[in-house]
Amino acid sequence: MKKILGLITSVMLVGVLLAGCVSGGAAGSSSEKQSRGDNDKIKIAVVPKLIGIPYFNSSEEGAIQAGKDLGVEVIYTGPTEADAAQQVKVIEDLISQNVDAIAVAPNDAASLTPVLKKAKEQGIIIIDWDTPADQSLVELSVHQIDDEAYGRHFTKTLVEQMGTEEGEIAIVTGGLSAANLNTWIDAAKKEIEENYPGLKLVTDKIPTDEKQQVAYQKTLDLMKSHPNLKGIMVFSTPAPLGVAQAIQEKGMQDKIAVIGGTLPKDSIPYLEDGSLDMAVLWEPDKLGYLTVSLAKDLVEGKKPENGQNVENVGEIELWKDGKTVIMGPPTDFTKENAGDYDF
């Protein structure tokens, strides 16, 4: 009897040990879905340069709509100023929320590298959108347009609106550290150097902190310092409105041509009276939608393909690096067509 009891006890003990091994193995190899919980949605954070301006408000609408359509949770959050230090704090908070992906439009790419590295080390997928981040950390870099073509297009369009290939011009920008703005400006300058030697930049690029009022005041100062100015290129969404406001106030519509990357709806009053000659942009709501759609695919292990048709966005271009995604060409908004768009 003692032998029988001993045998039963041994069998039970082995069973307990085996059960413990199986349980431990399952915990160690749990899938991402199990770690989130079987009923939890994929959680995607989209971080703009700042919140509260029309451009990023429109991007937010697209991102939130994508979340609804695709069944994922979208957290759209960012700083109230175009400030890298504030963005770092936002991303730190998102890391603590255990999001699956962070898509960020950096104010200063280098400043965000340490916190994005921390996020990646914790298994969070990193994407940049609108503006490039540290390319060693991102899985995808979602561009609204071909940066080189966009910057060159600004110069060509300004020359067309000036009606001459000679004269004094200036460049106004949102912020000095924004990688996308600097890339566009470099391309615009390259177009000047290669094809328009008669154009003269009267000053270094003028920063406006992405604020219409700052752009307005700096344009007044610019016109006072350079009375022969013939054209202004504005790389920002709020700044072109401030530049146009100054041109309008001084009645310089027929003397100074202005091209800016701003939203058509906001541009209409200035396009109609010629204080803004043309707005050159894309549809920011589609950019927000595309960013969330691609982020969801990455979380699920799917990578984009060249020529892929993304629902509610259209056909995208994937560069040979397998990382750079181009949403599509920009649109020229004029007084004739600006009213056709609802953003």
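An account of the accompanying structure is given in this report. These numbers come from a predicted model, not from an experiment.

Rules of the game
Residues numbered from 1 in each chain as written. Predicted model: local features only at pLDDT ≥ 70, side-chain atom pairs only at ≥ 80, totals over all residues. Heavy atoms only, no water. Core = buried A, V, L, I, M, F, W, Y, C linked by side-chain atoms within 4.5 Å. Buried < 20%, exposed > 50% of the residue type's maximum accessible area, 1.4 Å probe, protein only. Helix = DSSP H or I, 4+ residues; strand = E, 2+ residues; numbered from the N terminus. Contact = heavy atoms within 4.5 Å. Pairing = 2+ DSSP bridges. Axes fitted to C-alpha atoms, helices over the stretch in contact; angles between N-to-C directions. Expected span 1.5 Å × (residues − 1). Polar contact = N/O pair within 3.5 Å; in protein donor to acceptor, adjacent residues only side chain to side chain. 1 Å grid on protein atoms, 1.4 Å probe; cavity = no way out; pocket = protein on both sides within 12 Å on 5 of 7 lines; lining within 4 Å. Points joined across faces, edges and corners; volume = space filled by probe spheres on them. Salt bridge = Lys/Arg side-chain N within 4 Å of Asp/Glu carboxyl O. Parallel < 35°, antiparallel > 145°, perpendicular 65-115°, else oblique. Nonpolar A, V, L, I, M, F, W, Y, C, P; charged D, E, K, R; others polar. Phe/Tyr/Trp six-rings, centres within 6.5 Å; stacked < 30°, edge-to-face > 60°.

### Here's the deal with the nonpolar core
Core analysis: the largest hydrophobic core is formed by 87 residues, its most contacted members being Trp129, Ile232, Met233, Phe235, Trp282 and Leu290. Ranked by residues supplied to this core, first place goes to helix H11 (residues 284–299) with 8 residues. Beyond its immediate chain neighbours, meaning those up to four positions away, tryptophan 282 contacts Tyr55, Asp130, Gln144, Ile145, Tyr150, Trp184, Leu287, Met327 and Phe343. With 20 residues, the next largest nonpolar core counts Leu94, Ile102, Val115 and Ile126 among its residues.

### Focus on the sheet that holds strand E2 (residues 73–76)
Reading across the sheet, the 7 strands line up as E2-E1-E3-E4-E5-E15-E14 and stay open at both edges, with mixed pairing between neighbours. Edge positions in the open sheet fall to E2 and strand E14 (317–318), since each of these has one partner strand only. Examined bridge by bridge, strand E3 (residues 101–104) and strand E4 (residues 125–129) share 4 bridges and lie parallel to one another. From the neighbouring strand, valine 104 faces E4, where its bridge partner is aspartate 128. Lying on the sheet, helix H3 (residues 54–70) is in contact with strand E1 (43–47), E2 and E4; it crosses E2 at an angle near 165°.

### Observations concerning helix H6 (residues 147–162)
For H6, with 16 residues, the first-to-last C-alpha span of 23 Å sits near the 22 Å given by 1.5 Å per residue. Among the residues making up H6, those that are buried are Asp147, Tyr150, Gly151, Arg152, Phe154, Thr155, Thr157, Leu158, Val159 and Met162. Where H6 begins, one side-chain oxygen reaches toward the backbone nitrogen of glutamate 148, 3.1 Å away; that side chain belongs to aspartate 146. The positive-phi residue at the C-terminal boundary of H6 is glycine 163, with phi of around 80°.

### Remarks on empty space enclosed by the protein
Per the counting criterion, the structure on display carries 1 cavity of 30 Å³ or more. Within this model, the largest cavity holds a volume of roughly 150 Å³. Around the largest cavity sit 18 residues that line it, and Asn180, Leu181, Trp184, Ser236 and Thr237 are the ones nearest its centre. Listed by contribution, the elements that provide at least two residues to the lining of the largest cavity are H3, H6, helix H7 (179–195) and strand E9 (229–235). Among the elements that make up the lining of the largest cavity, the one with the highest residue count is H7 (3 residues).

### Notes on the pattern of salt bridges
In the structure shown here, the tally under the stated rule is 10 salt bridges. Linking arginine 152 and glutamate 191 is a salt bridge whose minimum nitrogen-to-oxygen distance equals 2.5 Å. With a gap of 39 residues between them, arginine 152 in helix H6 and glutamate 191 in helix H7 connect regions that are remote in the sequence. Take arginine 152 and glutamate 191: they sit in the same class, and that class is buried. Among the charged side chains, a network of salt bridges with common partners joins Glu148, Arg152, Lys190, Glu191 and Glu194.

### Points about the packing of helix H4 (residues 84–96) against helix H5 (residues 109–121)
In the contact formed by H4 and H5, the axes pass within 9 Å of each other and the chain directions differ by 5°. Relative to H5, the element H4 is oriented roughly parallel. Contacts between H4 and H5 involve Ala84, Gln87, Val88, Ile91, Glu92 and Ile95 from the former and Ser111, Leu112, Val115, Leu116, Lys118 and Ala119 from the latter. Across the contact of H4 with H5, the residue classes break down as 8 nonpolar, 2 polar and 2 charged.

### Re the packing of aromatic side chains
Per the counting criterion, the structure on display carries 11 aromatic pairs. Plain terms: the ring middles of tyrosine 150 and tryptophan 184 are 4.8 Å apart, the flat faces sit at 70° to each other, and that makes the pair edge-to-face. With a gap of 34 residues between them, tyrosine 150 in helix H6 and tryptophan 184 in helix H7 connect regions that are remote in the sequence. No difference in accessibility class separates tyrosine 150 from tryptophan 184, as the two residues are buried. Here the aromatic residues Tyr55, Phe56, Trp129, Tyr150, Phe154, Trp184, Phe235 and Trp282 are joined through ring pairs into a cluster of three or more.

Honestly, that's just the spatial picture; any functional story needs more than this.
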